[in-house]
Amino acid sequence: HPKVAIIGVPMDLGADRRGVDMGPSAIRCACLEQRLTGIGYQVFDQGDLVVRRKPHVQTGGGLQQQAAQNANLKYLDETAKVNEELYDLVNETMAQGLFPLVLGGDHSIAIGTLAAVRQHHASIGVIWFDSHGDVNTAQTSPSGNIHGMSLAVALGYGHPKLTAIGGTHPKVKPEHVAIIGARCLDPGERVFLKQHGIQVWTMHEIDRLGMARVMEQAIDRVTKGTSGVHLSLDLDGLDPIYAPGVGTPVPSGISARESYLAMELLSEAGVLVSAEAVEVNPILDHHNQTAKVAVSLIASLFGERIL
Ligand code: LYS
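The shown structure was predicted, so the numbers you read here are calculated from the model rather than taken from an experiment.

Colleague: Break down the sheet that holds strand β8 (residues 272-278) for me, with residues and values.
Modeller: Read from one edge of the open sheet, eight strands run β2-β1-β3-β8-β7-β4-β5-β6, paired in parallel fashion. At either end of the open sheet lies a strand with only one pairing partner, and these are β2 (43-48) and β6 (199-202). Neighbour-to-neighbour, the strand axes of the sheet open up by a mean angle of 15°, direction not taken into account. Across six bridges, strand β7 (residues 228-234) lies against β8 in parallel orientation.

Colleague: Give me the packing of aromatic side chains: which residues, what numbers.
Modeller: Summed over all chains, the structure comprises three aromatic pairs. Summarising the aromatic geometry, the rings of Phe99 and Phe302 are spaced 5.1 Å apart at their centres and angled 75° between planes, so their arrangement reads as edge-to-face. Taken together, the residues Phe99 in strand β3 (residues 98-104) and Phe302 in the segment after α12 (289-301) connect sequence positions 203 residues apart. Note on accessibility: Phe99 and Phe302 belong to one class, buried. Ring centres 5.4 Å apart and planes at 90° place the aromatic pair Tyr157 and Phe192 in the edge-to-face group. Here Tyr157, found in the loop between α6 (150-154) and α7 (160-163), pairs with Phe192, found in helix α8 (residues 187-195); they are 35 residues apart in sequence, far enough to count as distant. Judged by its relative accessible area of 38%, Tyr157 falls in the partly exposed class.

Colleague: Describe the packing of helix α2 (residues 32-39) against α12, and please don't skip the residues or the numbers.
Modeller: Orientation of α2 relative to α12, taken along the N-to-C sense of each, is 20°, at an axis distance of 10 Å. Comparing their axes, α12 and α2 come out roughly parallel. Crossing hand, α2 versus α12: right-handed. Residues Leu32, Arg35, Leu36 and Ile39 of α2 form the contact with α12, whose participating residues are Val295, Ser296, Ile298 and Ala299. Looking at side-chain class alone, the contact of α2 with α12 contains six nonpolar, one polar and one charged residues.

Colleague: So what about the environment of Gly167? Which residues, and what values?
Modeller: Considering the arrangement of structural elements, one finds Gly167 in the loop between α7 and β5 (177-182). Residue classification places Gly167 among the partly exposed residues on the basis of a relative accessible area of 26%. In this structure, the C-alpha to C-alpha distance between Gly167 and Ile298, residues 131 residues apart in sequence, is 29 Å.

Rules used throughout
- Residues numbered from 1 in each chain as written.
- Predicted model: local features only at pLDDT ≥ 70, side-chain atom pairs only at ≥ 80, totals over all residues.
- Heavy atoms only, no water.
- Pairing = 2+ DSSP bridges.
- Helix = DSSP H or I, 4+ residues; strand = E, 2+ residues; numbered from the N terminus.
- Axes fitted to C-alpha atoms, helices over the stretch in contact; angles between N-to-C directions.
- Phe/Tyr/Trp six-rings, centres within 6.5 Å; stacked < 30°, edge-to-face > 60°.
- Buried < 20%, exposed > 50% of the residue type's maximum accessible area, 1.4 Å probe, protein only.
- Parallel < 35°, antiparallel > 145°, perpendicular 65-115°, else oblique.
- Left-handed = near helix turned anticlockwise from the far one by under 90°.
- Contact = heavy atoms within 4.5 Å.
- Nonpolar A, V, L, I, M, F, W, Y, C, P; charged D, E, K, R; others polar.

Written as structure tokens, this is what we have:
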């Protein structure tokens, strides 16, 4: 069993709604550490990074003004800074031989994580479990929210302040990415995905093939020519029935059972080198249900089984 480092990133600047900054606490409160030690892992909780949100000043300044400075890349500077710090910390933990498990926070934090994982693997595969594509750029984003751009940044597209974190090279190649669970793609994202030949298993493929075959195909894709696989687990990939506490819920999603199966199959493949769980928003949740699902999915990913 590898040693696991938990890294919390209370980041919400990449999202429209407040609350995901409390994701790391909610996931810890759902007994993440106990579950992992229960399976036999040694867990080293590194605590949370600091995310500075400037207080909102009513007289026309503060938050809104800061966001408006770069209307289609909201909070660019602070988001880049936190991701730089996350990059350093993940880099350090991996250098020490620990498995990084990053807790979000909104999905913009994948920028720092992937940059660091790329330092330790010349070629990485990425399973992007999400209802969205997160391949917008400032040019295509309908919202200006950086959490909808993180996969594009990892592929080398986006503002230089983001793509340069951990070096200007792309951190992931399009042919090594598998998006699973997509059902809400912006027009510019469809073009991007097609142009770059990124394989997407949408809800259509999940319904048609079943999750077992989808994961078989996806794992095949992300392990060809790579030396390790990163899981980016956005809780909004699940149907909001099972994961209501997310900032951008999209109906008709992946069931809890399909999600557990996906984690188990990924765990069995034995290729995982890093993971993150993002977008848990306790304010929109019911009795921490979404964080609990997140913890159970992580446990499955780390080898917990019913029998
Ligand atoms: N595609 C939308 C956007 O770019 C939603 C992204 C949601 C990411 N978690 O704003």
